[in-house]
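Working through the structure, step by step
Below, each chain spelled out in residue letters.
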Amino acid sequence: MLNQQAKVLISGQQNIQLQVQEYSRLVTHFDIQYHQMIDYQGNPVVSPLPAIATDRDQLIQLYQAMLKTRLFDKKAISLQRRGQLGTYASSLGQEAIGVAIGSIMKDEDVLFPAYREYAAQFLRGVKMSEILLYWGGNEQGMNFQGPQRDFPICVPIASQAPHAVGVAYAMQLRGEKRVAVCVLGDGATSKGDFYEAINAAGTWDLPVVFIINNNRLAISLPQNKQTRAQTLAQKAIAAGIAGEQVDGNDVLALYIRIEQAIDNARRGAGPTVIEALTYRLCDHTTADDASRYRSEKELQENWLYEPIKRFNLYLTQMGYWSDKDEEKLITQCKGEVESAVDEYLHTPDQASESMFDYLYATLPSSMEQQRDAVMGKETLK
Amino acid sequence: MTEVTLLDAINMGLCWEMSADPSVVVLGEDIGLNGGVFRATDGLQEKFGQQRVIDTPLSETLIAGMSIGMAAEGLKPVAEIQFMGFIYSTIDQIISHASRLRNRTRGRLSCPLVLRAPFGGGIHAPEHHSESTEALFAHIPGLRVVIPSSPGRAYGLLLAAIRDPDPVIFLEPKRIYRLVKQDIEDNGEALPLDVCFVLREGSDVTLVSWGAMIHETMTAAEQLSASGINAEVIDLATIKPLDINTILESVSKTGRCVIIHEAARTCGVGAEIAAQLAEQGLMSLFAPIERVTGYDTIMPLFNLEKEYMPSVERIIAAVERTLEDL
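Rules used throughout
- Residues numbered from 1 in each chain as written.
- Chains lettered and ligands numbered in written order.
- Predicted model: local features only at pLDDT ≥ 70, side-chain atom pairs only at ≥ 80, totals over all residues.
- Heavy atoms only, no water.
- Domains from an automatic or database assignment.
- Helix = DSSP H or I, 4+ residues; strand = E, 2+ residues; numbered from the N terminus.
- Buried < 20%, exposed > 50% of the residue type's maximum accessible area, 1.4 Å probe, protein only.
- Lys, Arg positive; Asp, Glu negative; His and termini not counted.
- Salt bridge = Lys/Arg side-chain N within 4 Å of Asp/Glu carboxyl O.
- Polar contact = N/O pair within 3.5 Å; in protein donor to acceptor, adjacent residues only side chain to side chain.
- Contact = heavy atoms within 4.5 Å.
- Pairing = 2+ DSSP bridges.
- Axes fitted to C-alpha atoms, helices over the stretch in contact; angles between N-to-C directions.
- Expected span 1.5 Å × (residues − 1).
- Buried area = accessible area lost by both parts, 1.4 Å probe.
- Nonpolar A, V, L, I, M, F, W, Y, C, P; charged D, E, K, R; others polar.
- Core = buried A, V, L, I, M, F, W, Y, C linked by side-chain atoms within 4.5 Å.

1. Considerations on the domain arrangement of chain A
Its domain assignment divides chain A into domain 1 (34-345) and domain 2 (353-381). Placing a centre on the C-alpha atoms of domain 1 of chain A and another on those of domain 2 of chain A gives a separation of 39 Å.

2. A look at the side chain of glutamate 29 of chain B
All names here are of chain B. With respect to the helices and strands, the residue glutamate 29 is situated in the loop between strand S2 (24-28) and helix H2 (44-48). The side chain of glutamate 29 is buried and forms no salt bridge, while arginine 116, the nearest opposite charge, is found at 12 Å. In terms of polar contacts, glutamate 29 uses its side chain to reach the backbone amide nitrogen of serine 59, at 3.3 Å. Discounting residues that sit within four places of it in the chain, glutamate 29 has contacts with Thr56, Pro57, Leu58, Ser59, Glu60, Ile63, Glu80 and Gln82.

3. Section: the sheet that holds strand S3 (residues 34-35) of chain A
Residue and element names in this part refer to chain A. As summarised here, the arrangement of the six strands in space is S3-S9-S10-S6-S5-S4, forming an open sheet in which the pairing is parallel. The strands lining the two open edges of the sheet, one partner per strand, are S3 and strand S4 (110-112). Here six bridges tie strand S5 (residues 180-185) to strand S6 (residues 208-214), and the two strands are oriented parallel to one another. In the strand pairing of S6, glycine 185 is matched with asparagine 213. Packed onto the sheet, helix H2 (residues 95-104) meets S4, S5, S6 and strand S10 (272-277) and runs at close to 165° relative to S6.

4. Examining helix H7 (residues 151-163) of chain B
Residue and element names in this part refer to chain B. Between its terminal C-alpha atoms H7 stretches 18 Å, which fits the 18 Å expected from 13 residues at 1.5 Å a residue. Among the 13 residues in H7, twelve count as buried, and that is most of the element. Three or more residues of H7 are buried, namely Pro151, Gly152, Arg153, Ala154, Tyr155, Gly156, Leu157, Leu158, Leu159, Ala160, Ala161 and Ile162.

5. Points about the pattern of salt bridges
The tally for this structure, following the rule as stated, stands at 27 salt bridges over all chains. Between aspartate 109 of chain A and arginine 266 of chain A there is a salt bridge whose closest N-O contact spans 2.8 Å. Taken together, the residues aspartate 109 of chain A in the loop between H2 and S4 and arginine 266 of chain A in helix H9 (residues 251-266) connect sequence positions 157 residues apart. The partner of glutamate 172 of chain B in a salt bridge is arginine 116 of chain B, and the shortest N-O contact between them spans 2.6 Å. Placement of the pair is glutamate 172 of chain B in strand S7 (residues 168-173) and arginine 116 of chain B in strand S5 (residues 114-119), with a sequence separation of 56 residues. Each member of the pair, glutamate 172 of chain B as well as arginine 116 of chain B, carries the same accessibility label: buried. Each of Arg149, Arg174, Glu176 and Arg178 of chain A together with Glu73 of chain B takes part in salt bridges that share partners, so that together they form one network.

6. Details of helix H4 (residues 128-135) of chain A
Three- or four-residue spacings in an α-helix give side chains the same orientation, since the helix completes a turn every 3.6 residues. All names here are of chain A. Burial analysis of H4 places eight of its eight residues in the buried class, which makes it a mostly covered element. Here H4 has its buried residues at Met128, Ser129, Glu130, Ile131, Leu132, Leu133, Tyr134 and Trp135. Against helix H1 (56-81), helix H3 (118-123) and helix H12 (323-345) lie the buried residues of H4. Positive phi shows up at glycine 137, right after H4, with a value of about 90°.

7. Points about the interface of chain A and chain B
Contact with chain A, which involves 46 residues of that partner, is made by 45 residues of chain B. Interface area, chain A with chain B, both sides summed: about 3700 Å², of which 57% is carbon and sulfur. Across the chain A-chain B interface, the total number found is three salt bridges. For arginine 174 of chain A, the salt bridge is made with glutamate 73 of chain B, and the minimal N-O distance between the two is 3.0 Å. In this assembly, chain A and chain B are joined by 23 residue pairs in polar contact (both at pLDDT 80 or more). Elements represented by at least two residues in the side of chain A that touches chain B include exactly helix H5 (161-173), helix H6 (192-203) and helix H13 (354-357) of chain A. Here the element with the most residues in the side of chain A that touches chain B is H5 of chain A; it accounts for nine residues. Here the side of chain A that touches chain B is built from residues that sort into 24 nonpolar, 13 polar and nine charged.

8. A few points about the nonpolar core
Core analysis: the largest hydrophobic core is formed by 82 residues, its most contacted members being Val165, Trp204 and Phe210 of chain A together with Leu236, Ile247 and Ile273 of chain B. Not counting residues within four places of it along the chain, the set of residues in contact with valine 165 of chain A comprises Ala197, Ala200, Ala201, Trp204, Leu206 and Phe210 of chain A together with Leu62 and Met66 of chain B.

9. Here's the deal with the domain arrangement of chain B
Residue and element names in this part refer to chain B. Here chain B is partitioned into domain 1 (2-184) and domain 2 (197-323). The junction of domain 1 with domain 2 conceals about 2100 Å² of combined surface from both sides, 60% of it contributed by carbon and sulfur atoms. Connecting domain 1 to domain 2 are two salt bridges. Two residues, arginine 175 and glutamate 216, come together in a salt bridge whose shortest N-O distance is 3.0 Å. Our enumeration of links across domain 1 and domain 2 arrives at twelve residue pairs in polar contact (both at pLDDT 80 or more). Taken together, the elements giving at least two residues each to the side of domain 1 that touches domain 2 come down to helix H6 (134-138), strand S6 (144-146) and H7.

And the structure:
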């Protein structure tokens, strides 16, 4: 098969001798790296550990943020069960991803969440009461008083990915050292929006990082029915950009890898896709019953690997954390959550006519009659 | 004053606004180096550079979605979808995000983008290149849908669309891209959105149309005038929000209304105009409202496109029906 002579007839006139070395050859090949720093029993698996691994204050901040999100989540579900909140999407078991993202991003960066990134949103200054307002049926919950440029929760799967590309393009055009961070679920990687976004991000080398919260279930669909791809990170390869896997329950590994990706984006070294492997310990939303499609055994197994217990073990082993600290933190977080719930429950509904208030910069005169009708001023003709 | 085609006017409008406002960017497929498949963006990349005149990958969802991001971040993107037949991939982005970003964030973020697309039949184009589906967008709260019908209105309305703080779907009637020339002043003056233009005054019947069909409608009006029928012609121009007042005012004078559009009949924009006339102007009407439209069929391939599209004869026949009771 090798080194065969081939005769090619061109235009019926010339014979050209071609040296054909092989019929097929390896053009290029790719690898996907998996990153972990602390195993599920809280033991370091790399040596030496990065500096942050012995920075007590910073570690405790990460821990606090995870625990606070979990307590918020629990409270939100109980509000929903009592009829005080609409359908709610929990982030149980996936807190480490949001915490790492929110801890690394700078204020001037822009976050594009899906709907399980409360941890990141809280660290960026979104109020707990705002998240409750959103799921409680009030658009004011998307009018963040904190991060003014952050996008709100995105329900249509993967549709926020092209927005992140547009924002990153604007940042690059203006020569700003800002970064767009887009978070998506595992199901999102099957959608064209995701591919179109990572492809364009690669084309223009944009300052954007895509983080896949691979919680193994897209509502009911497990990954092996979502795709034949062995990893979701490898989808980055098709777009010509960096892709890697991280233990999504290991807040330290997430911190280091996301920090690297965001730094790369910020200094113009291009976009990255990070697949964070975690597990959805909750139902899809409060309107879902995961026992229809997932075994109790699988659920219980995955509680072994969840991020908060693991990090607690690490902190305890390092002598940074005690039961007393834990108790104090829980009391403090619960107080914070309760006051957010109080603020939420005491926020008045918007006026009926508010549905017209932000439809356009200025309401077209042809719509004034409808607005008046809602206000009871006039019967709609 | 320069005598230009509708296509030239689009190019001039883009050029003016890119010069005047550094936040304006133009993006789409083949729009840079190639100047667009119709040449609407010809010369812009040379003048304003590759960063502001952006050749995108072949990704319509991306084009719409990234425009939303750009707009929210303070740019003023003017995106081209090569043909309206390829606009449907953008609909999720337009409906789920562009139209409602201001509303869902209570004004914190907004979406001042323009999505341009050539539309309509009559140029013997291949399959998927000839539909008129403006009504899909006209149904969506939070959008503006604007359709010019002359070089002057293309220039003025495009400038207005780019300067508008909300998303505008700007549909260009490609059949008349090069059909007529008009003297226009390249002075950066915008025309008002959200209002109709009365192109011809008359007392016997009101003809309402938009886009390329304005030309059949004006021809019909001229032929009717030869037989003593005075038609008033209104160019809708902004399809949404609808300026019903100008139409009501006209119908209160003429008592008759014929609506002409190339798009399919059922749930077309004509249906909305007729409904609003029935609600608010019934007492002015001497005759039932007539619609002259494309049929409720798939737009045929070009051998039959003439049969599909409203003709001067069909418009005149409809007008005559409204006058039968006299």
